[in-house]
Amino acid sequence: MRLRTLLIWLAVLPTLAMGTQVTVSAQRLLAQSEQLRADVEAAERIGAPLYTLMVDMQAERTATAAQWAGNDGTEGELRARRGATDLAAAEFRRLADDPSRSFAEVTRQLDRLAAYRQRADTRSGPADSTLAYYSEVIGKVIQVYQQEFSHAEDAELAQASRPVVAMLQATEMVAREDTVLALAGPSGELSFAGYDQFVSSLGAQRYLHEALIVPHLAEGDERFYERVVGSADWQTKTRIENAVLSGHKDTVSGIRVPAEVAGWSSAHSNFSVQMTTLNIDLARSVLARGEAKAAELQTEVAWLIGGSGGGLLAVVIVVVFTTRSVLRRLHDLHERTVTVAEETLPEVVDRLQRGQTVDAESLPAVSGDRDEVGRISDAFARAVAVSVDGHRLLAAERHGFGLFASGIASRTGNLVSRQLSLTEDLQDTFGHDEALLAQLMRSDQLTVGMRRQIENLLILSGGEVPDPHTEPMRVADLLREAAAEVEDFRRIERQALDETSVEPSAISQISHLLAELLDNATRFSPPRSTVVIRAELVADGLSVEIEDRGPRVSPERYEEMNGRLHQAPPYSVLAQNAHRLGLFVVGHLADQLRATVTLRRSVYGGTCAVVVLPGNLLVATAPDAPSRPAPSVPAPASATAPAATAPAATAPAATAPAVSPRDLPEGLEPAAEHEPAAEPEREPEPALLTGAGLPSRRAKTPAPVPALAVRPAPAGPATRPALPERVPQSHIADQLRAPRAPETPVRPDTATPEEVADAWADYEQGTQTVEEELRRDQP
């Protein structure tokens with residue numbers, strides 16, 4: 001007899017008998033639990049919008065009464081209240097989509113809102129009938145609370161929900177008093193019907209508080225209620241109500257209320273907020289009880305099923321003794337499965353991710369057994385094969401995506417190269433215009449940022465930042481190069497406390513890593529604050545600290561970010577945090593350099609990034625090795641005239657001409673004189689400037705002489721000094737360097753002025769049409 005047939009014969013008869021009984025009882029309890037959960041879910045989903053709609057309708061009713069009475073400055077208040085009511089009504093209509101509940105009556109009442117607003121604006125008909133419409137809608141809202149969220153099928157929950165409904169009714173009575181007093185207007189006179197409504201509302205709300213609310217409040221809610229009714233605003237409310245009852249005067253046309261009602265509005269706006277808080281707390285308490293009741297019913301079902309399971313214990317014992325021989329085979333199958341799942345399959349996946357081949361003999365094979373255990377083994381072997389094929393396809397797609405990203409980066413790099421070349425040409429052509437030159441410098445710096453983002457794409461796609469340097473670079477020059485890559489480089493203060501150099505093969509990677517951290521520091525710190533980067537030798541190598549004064553970050557957030565920086569995260573994590581590519585780039589670069597990057601809170605309240613580079617990336621700086629010369633920046637003619645007449649032999653070769661900062665074009669900085677190589681840099685140095693006056697960036701083609709050449713200025717007293725020229729494509733990665741595509745010649749425009757005007761009119765009309773469609777599509 002087959003195992004499946006044997007187990008069926010041994011288990012089916014007692015299971016059917018006991019299972020039927022358990023099923024009937026469990027279904028009844030689960031249905032009750034599901035109903036409670038559905039009520040709780042509906043209350044959480046609809047209750048808040050419905051309560052907001054009621055409060056907004058009450059406020060609009062009071063504002064309508066105030067405008068009807070002729071109070072000053074009520075038009076703006078009424079427009080605001082109507083807008084709030086429309087938003088609440090739209091939210092309620094969106095959520096109240098269950099046809100089985102009693103939301104349709106409220107929706108039908110809201111359909112008449114526009115008509116009654118028009119009657120209020122035109123003052124057609126009596127005010128009482130218009131205001132009665134608002135009271136009717138609010139009454140329907142309270143009725144929905146009574147029918148849908150009172151849990152009438154459960155006595156305990158019904159008892160707990162009574163104070164909630166009573167509080168809603170009492171709040172409505174107080175709101176009606178507010179409306180009646182607002183209708184009195186500047187004259188302070190009520191109609192007889194209005195006075196009767198005030199008196200009835202006052203009596204109703206006092207009865208609700210004394211008979212239906214206070215006796216049913218929990219201990220905590222009762223203390224909060226006592227604080228509310230004992231407040232000065234509630235006492236003012238009570239005093240005004242008593243004054244209206246006892247101090248009114250009868251006139252020919254109505255009832256004149258006493259002057260004390262002037263303080264009603266302020267007191268009502270204060271204690272109504274406290275009552276709203278109490279209403280919300282009571283509603284949440286009822287919802288919590290409903291959720292607990294549903295959980296109790298589910299627990300009861302679990303106990304029922306557990307007890308019934310005990311009755312099936314005898315059947316289980318018989319089945320166990322009958323299937324002992326099969327269990328041994330299942331145990332062997334389990335051992336093989338665990339070995340494949342914990343050892344073989346992870347090793348195969350790791351090899352596929354590294355691009356290596358997989359030996360098919362190491363995987364489980366299909367044996368073709370006909371019994372149940374053999375079929376399970378074959379099914380597992382097929383599942384492993386499908387999993388391996390999926391990982392192989394995923395690895396191929398990842399490799400293809402890396403090639404695709406590299407291709408995109410190459411094309412984009414070509415465009416960036418052309419953009420930089422075009423910017424250089426514009427700087428040379430329009431360098432005499434200081435304002436335009438500053439804007440061109442800004443454009444050039446943004447283009448440099450684009451280049452760094454392209455290099456980020458190369459790093460994240462599996463590549464590396466190319467580093468063509470052949471000679472070590474001083475740490476001071478490396479900090480300057482990293483700062484020049486940042487858009488807001490003028491706020492960066494550099495301090496190289498020790499004289500050392502960095503291996504040529506790691507210069508570009510370290511510079512890119514520091515540039516990403518500096519860019520993050522300048523973006524998340526106040527615009528006028530300074531970002532300090534400090535480098536000094538430590539026991540483990542070179543320590544570089546980047547300190548900003550940005551917003552505070554929680555310790556948990558620091559722990560999360562440091563976890564990504566200390567170990568390059570997988571691409572699955574990258575896909576979930578695509579908006580934080582900077583951390584991933586820094587993590588990958590740190591992993592390649594075997595460096596550590598740690599973020600912690602700064603003493604100034606901001607963030608301090610500590611980068612520790614290993615000692616094998618450092619080389620000693622020769623005592624006579626000069627620092628990289630800073631190219632001079634041409635000054636205006638008025639500032640450079642004395643220098644031009646001085647003999648050439650009197651100017652040192654390693655210094656730049658002294659130029660006053662105020663004489664430079666906007667956005668330029670003067671080049672500082674170089675200090676001796678043996679002196680550590682304690683003060684921040686200004687960034688090196690290119691020929692166009694821009695900060696120097698990484699030189700992708702190292703050379704012993706600067707790659708900048710100064711074009712000689714034509715003779716003449718009125719001409720300005722020529723701008724330095726930058727060698728094309730000298731600051732771009734080798735992977736991104738490509739032949740410059742020829743510029744497309746711009747053909748002359750043959751359109752007439754009338755055709756241009758017609759095209760512009762068509763463009764504006766199309767834009768307006770799209771904007772109108774977008775506004776209509778918005779909820």
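A few points on the structure. (Residues numbered from 1 in each chain as written. Predicted model: local features only at pLDDT ≥ 70, side-chain atom pairs only at ≥ 80, totals over all residues. Heavy atoms only, no water.)

Some remarks on the sheet that holds strand S6 (residues 501-502)
Here is the rule: For two strands to be treated as a pair, DSSP must find no fewer than two bridges joining them. Only runs of H or I of at least four residues qualify as helices and only runs of E of at least two qualify as strands under DSSP, and these elements are numbered from the N terminus.
Spatial strand order, S4-S6-S11: three strands in an open sheet with antiparallel pairing. Strands at the two margins of the open sheet, each flanked by one partner only, are strand S4 (473-474) and strand S11 (618-619).

Quick look at the pattern of salt bridges
Put simply, the rule reads: What counts as a salt bridge is simple: a side-chain nitrogen of Lys or Arg found within 4 Å of a carboxyl oxygen of Asp or Glu. To sort residues, take the accessible area from a 1.4 Å probe on protein chains only and compare it with the maximum for the residue type: under 20% means buried, over 50% means exposed, and anything in between is partly exposed.
What the rule picks out here adds up to 24 salt bridges. In this structure, Glu-105 and Lys-140 form a salt bridge, with 3.8 Å as the shortest nitrogen-oxygen distance. Here the residue Glu-105 occupies a position in helix H3 (residues 104-110), and Lys-140 occupies one in helix H5 (residues 127-148), the gap between them amounting to 35 residues. Glu-487 serves as the salt-bridge partner of Arg-442, at 2.3 Å between the closest nitrogen and oxygen. Note that Arg-442 is positioned in helix H14 (residues 434-460) and Glu-487 in the loop between helix H15 (475-484) and strand S5 (492-496), a separation of 45 residues in sequence. Accessibility expressed as a relative area gives 25% for Glu-487, which makes it partly exposed. It is possible to trace a salt-bridge network through shared partners that takes in Glu-60, Arg-82, Asp-86, Arg-117 and Asp-121.

Observations concerning the sheet that holds strand S2 (residues 249-250)
Ordered by their spatial adjacency, three strands build an open sheet running S1-S3-S2, and the pairing between neighbours is antiparallel. Since the sheet does not close on itself, it has two edges, and those belong to strand S1 (189-190) and S2, each with one partner. Two strands pair when backbone bridges link them, and S1 and strand S3 (residues 255-256) are joined in this way by two bridges, in the antiparallel orientation. Looking at S3, one finds that Glu-189 is bridged to Arg-256.

So, H14
Side chains that are three or four residues apart share a direction in an α-helix, a result of its 3.6 residues per turn. What counts, and what does not: How far a helix is expected to stretch is found by multiplying one less than its residue total by 1.5 Å. Pairs of N or O atoms are called polar contacts if they sit within 3.5 Å, as long as, within protein, a hydrogen donor faces a hydrogen acceptor (for residues adjacent in sequence, only side-chain-to-side-chain pairs).
A rise of 1.5 Å per residue sets the reference length of H14, with its 27 residues, at 39 Å; its end C-alpha atoms lie 39 Å apart and thus fit the reference within 8%. Sitting at the amino-terminal end of H14 is Asp-433, which places a side-chain oxygen 3.3 Å from the backbone nitrogen of Ala-435.

Describing the packing of H14 against helix H19 (residues 581-593)
Spelled out, the test is: Note on geometry: axes are C-alpha line fits, over the in-contact stretch for helices, and angles between N-to-C directions span 0 to 180 degrees. An angle counts as roughly parallel when it lies under 35 degrees, as roughly antiparallel when it exceeds 145, as roughly perpendicular when it falls between 65 and 115, and as oblique in every other case. Left-handed is the label given to a crossing in which the near helix is rotated counterclockwise from the far helix by less than a right angle, and right-handed is the label when the rotation is clockwise. Here, residues are in contact when the closest pair of their heavy atoms is within 4.5 Å. Each residue gets one of three labels, nonpolar for Ala, Val, Leu, Ile, Met, Phe, Trp, Tyr, Cys and Pro, charged for Asp, Glu, Lys and Arg, and polar for the others, Gly among them.
For the pair H14 and H19, interaxial distance at closest approach is 10 Å and the crossing angle is 60 degrees. Relative to H19, the element H14 is oriented oblique. The interaxial crossing formed by H14 with H19 has left-handed handedness. Only Leu-581, Phe-584, Val-585, His-588 and Leu-589 of H19 make contact with H14, whose side of the interface consists of Asn-456, Ile-459 and Leu-460. Of the residues assigned to the contact of H14 with H19, the class counts are six nonpolar, two polar and no charged.

Notes on the pairing of strand S10 (residues 607-614)
Burial runs high along S10: seven of the eight residues are buried. The pairing of strand S8 (residues 541-547) with S10 spans seven bridges and is classified as antiparallel. Bridge pairing in S10 places Leu-542 opposite Leu-613. Bridge analysis of strand S9 (residues 596-601) against S10 gives six bridges, and the strand direction is antiparallel. Across the sheet, Leu-599 pairs through a bridge with Ala-609, a residue of S10. Counted along the chain from S9 to the antiparallel partner S10, the turn is five residues long, and its residue Gly-605 has a positive phi close to 100 degrees.

Quick look at the packing of helix H9 (residues 232-247) against helix H10 (residues 264-311)
Across the interface, H9 lies against H10 with an axial gap of 8 Å and an inter-helix angle of 130 degrees. In terms of orientation, H9 lies oblique with respect to H10. By crossing handedness, the relation of H9 to H10 is classed as left-handed. In contact with Asp-233, Trp-234, Thr-236, Lys-237, Ile-240 and Glu-241 of H9, H10 contributes Trp-264, Ala-267, Asn-270, Phe-271 and Met-275. Its residues assigned to classes, the contact of H9 with H10 shows six nonpolar, two polar and three charged.

Details of unusual backbone geometry
Although it is not a glycine, Arg-123 adopts a positive phi angle of roughly 55 degrees. Relative to the helices and strands, Arg-123 is located in the loop between helix H4 (113-122) and H5. Taking relative accessible area as the criterion, Arg-123 reaches 45% and is therefore assigned partly exposed. Despite not being glycine, Arg-594 shows a phi value in the positive range, around 60 degrees. Its place among the elements puts Arg-594 in the loop between H19 and S9.

As for the side chain of Glu-172
As for its position among the elements, Glu-172 is in helix H6 (residues 155-184). Reaching out from Glu-172, the side chain makes a polar contact with the side chain of Gln-58 at a distance of 2.8 Å. Ignoring sequence-local partners within four residues, the contact set of Glu-172 consists of Gln-58, Arg-61, Ser-135, Ile-138 and Ile-142.

Re the nonpolar core
Rules: What makes a nonpolar core is a set of buried Ala, Val, Leu, Ile, Met, Phe, Trp, Tyr and Cys residues whose side-chain atoms join them at distances within 4.5 Å.
Membership of the largest hydrophobic core comes to 46 residues, with the highest contact counts inside it found for Ile-510, Leu-513, Leu-514, Leu-518 and Ile-546. Look past the residues within four positions of Leu-513 in its chain and what remains in contact with it is Val-586, Leu-589, Ala-590, Leu-593, Val-597 and Val-611. Core analysis: the next-biggest nonpolar cluster, separate from the first, contains 33 residues, Ala-170, Phe-224, Tyr-225 and Val-229 among them.

Describing the packing of aromatic side chains
We count it as follows: Only Phe, Tyr and Trp rings are paired, with Trp represented by its six-membered ring, and only when their centres lie within 6.5 Å; those with planes under 30 degrees apart are stacked, over 60 edge-to-face, the remainder tilted.
Overall, the coordinates contain three aromatic pairs when judged by the stated rule. Here Tyr-133 and Tyr-134 contribute two aromatic rings whose centre-to-centre distance is 5.6 Å and whose plane-to-plane angle is 70 degrees, an arrangement assigned as edge-to-face. Across the pair, Tyr-134 and Tyr-133 agree in class, each one buried. With centroids separated by 5.2 Å and ring planes inclined at 75 degrees, the aromatic side chains of Trp-234 and Phe-271 adopt a geometry described as edge-to-face. Taken together, the residues span a long stretch of sequence, with Trp-234 in helix H9 and Phe-271 in helix H10 at a distance of 37 residues.

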